[in-house]
Amino acid sequence: MLATALVLMAALLHAAWNTLIKFSAERLLVVACMDTVALLFVAVALPFANVPPLDIWPWILASAAFELLYRYLLIQAYRAGDLGLVYPLMRGLSPLVVLALTLVFAGEALTAQQIFGILLIPFGMACLLWQGGGGARLPWSMLPVVALIGLCIGCYTYIDGQALRRWSHPLDYLAWVTLLSAWPFPLLAWVAKRPAFGQFWRTQWTLGLAVGFCVLFSYALVLWAMQLGSIAEAAALREISVILVVLFGMRYLKEPFGRPRLLACGLVLIGMLVMKF
């Protein structure tokens, strides 16, 4: 029960920071500010963190690499499509990736009911390909990008879960992964857009702090939840954020809420209920 509550809280925070990134026209600068906040956390936390054993470092490096690619692709995808279309499509693939990796490599035991509930979620996301999900269609050229984002999410989720099975220190793990993944975008913004980056911090520092806070706490809660229960189930339950993002997009970004998006949200909710009950 605690794991479920943690994942649902993480989903709310994840939906919030993605909405804030989509809301801003300067997405690179938002991500750079987000990672700057993360680096400040690392500067405070790292002196108190345990150093991972050698066998955990490959997992940390792999997770950081997938998260960096995820950030880059996310910026590209949000330039091309609605929040309520891009986010569900990319999130919908990740439970399939985690489920496949978990069953094949981790040997995690899942009931037929849990597997069926997990599979309902990507089927729901497929509804969004019908008529652009009720809004503007996503360019076909962006579908591989969105699919690759989903693959990245699934891979680093699986990697994180397996690393925590071997080294049960979620906050320490978070600090070391963040140290490796959070510096490139602030450095890029400082080198390529220094005046704009400085101006952004002076005028929109509250946005940077809000996104950074949401990212860190969302990630920490998911790591804690995966340590307590099933990795595949936690990855699937987190997709409640899809429903929240569609609602946030409609409310704050004035995006449409057509029948495909309603159907997608419904299948996500049904899938979650099937898994838990």
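So, how was this worked out
Residues numbered from 1 in each chain as written. Predicted model: local features only at pLDDT ≥ 70, side-chain atom pairs only at ≥ 80, totals over all residues. Heavy atoms only, no water. Helix = DSSP H or I, 4+ residues; strand = E, 2+ residues; numbered from the N terminus. Rg over C-alpha atoms; globule rule 2.2 N^0.38 Å. Buried < 20%, exposed > 50% of the residue type's maximum accessible area, 1.4 Å probe, protein only. Contact = heavy atoms within 4.5 Å. Expected span 1.5 Å × (residues − 1). Disulfide = S-S within 2.5 Å. Core = buried A, V, L, I, M, F, W, Y, C linked by side-chain atoms within 4.5 Å. 1 Å grid on protein atoms, 1.4 Å probe; cavity = no way out; pocket = protein on both sides within 12 Å on 5 of 7 lines; lining within 4 Å. Points joined across faces, edges and corners; volume = space filled by probe spheres on them. Nonpolar A, V, L, I, M, F, W, Y, C, P; charged D, E, K, R; others polar. Patch = residues over 30% accessible without salt bridge, like charges linked within 9 Å, V, L, I, M, F, W, Y side chains within 5 Å. Areas by Shrake-Rupley, 256 points an atom, 1.4 Å probe, with all protein chains shown as cover. Salt bridge = Lys/Arg side-chain N within 4 Å of Asp/Glu carboxyl O. UniProt positions renumbered as here; feature names shortened; annotations may be inferred.

**Structural notes on the overall build of the chain**
Scanning the chain for helices and strands turns up 12 helices and zero strands. Secondary structure elements of the chain, listed N to C terminal, follow the sequence α-α-α-α-α-α-α-α-α-α-α-α. Computed over the C-alpha atoms, the radius of gyration of the chain is 18 Å, within 12% of the 19 Å expected from 2.2 N^0.38 for a compact globule of 277 residues. Considering only C-alpha atoms, the chain reaches an extent of 45 × 45 × 30 Å along its principal axes. Considering the chain as a whole, with its 277 residues, one finds that 56% of them fall into the buried category. Within the chain, counting contacts between residues at least 6 apart in sequence, those at least 24 apart form 88% of the total.

**Brief notes about helix H4 (residues 83-106)**
With 24 residues, H4 extends 33 Å between its outermost C-alpha atoms, agreeing within 8% with the 34 Å of an ideal straight helix rising 1.5 Å per residue. Among the 24 residues of H4, 17 are classified as buried, and the element is accordingly described as predominantly covered.

**Here's the deal with the state of the cysteines**
Here, disulfide denotes a covalent bond that connects the sulfur atoms of two cysteines. If you walk through the whole model with that rule in mind, you get zero disulfides. This cysteine, Cys 155, is not joined by any disulfide, and Cys 152 carries the nearest cysteine sulfur, 6.8 Å off. Of the cysteine sulfurs around Cys 214, a residue in no disulfide, the closest is that of Cys 33, at 14 Å.

**A few points about the nonpolar core**
Grouped together as the largest cluster of nonpolar side chains are 87 residues, with contacts concentrated most on Trp 17, Tyr 70, Met 90 and Tyr 173. Looking at this core element by element, the count peaks at 13 residues for helix H9 (residues 194-228). Among all residues touching Trp 17, those that are not within four sequence positions of it are Met 34, Tyr 70, Leu 74, Val 211, Cys 214 and Val 215.

**What about empty space enclosed by the protein?**
Taken as a whole and judged by the stated rule, the model has one cavity of 30 Å³ or more. In terms of lining residues, the largest cavity is bounded by 19 residues, among which Trp 17, Glu 67, Arg 71, Val 215 and Tyr 219 are the most central. Those elements that provide at least two residues to the lining of the largest cavity are helix H1 (2-23), helix H2 (27-45), helix H3 (57-80), helix H7 (170-181) and H9. Sort the elements by how many residues they give to the lining of the largest cavity and H9 lands first, with five residues. For the lining of the largest cavity, the residue count by class is 10 nonpolar, five polar and four charged.

**A look at a nonpolar patch on the surface**
A cluster of nonpolar side chains, contributed by Leu 69, Tyr 72, Leu 148 and Leu 151, occupies part of the molecular surface with about 320 Å² of accessible area. Residue assignment for the nonpolar patch shows that the elements contributing at least two residues are H3 and helix H6 (143-166). One can find Tyr 72 in helix H3.

**Let's talk about the UniProt feature "transmembrane region" (unreviewed entry) in the chain**
Within the UniProt annotation, "transmembrane region" (unreviewed entry) is assigned to residues 28-49, 56-73, 85-106, 115-132, 138-159, 171-192, 204-224 and 259-275. What you have in residues 85-106 is 100% helix and 0% strand, and the ends, taken at the C-alpha atoms, are 32 Å apart.

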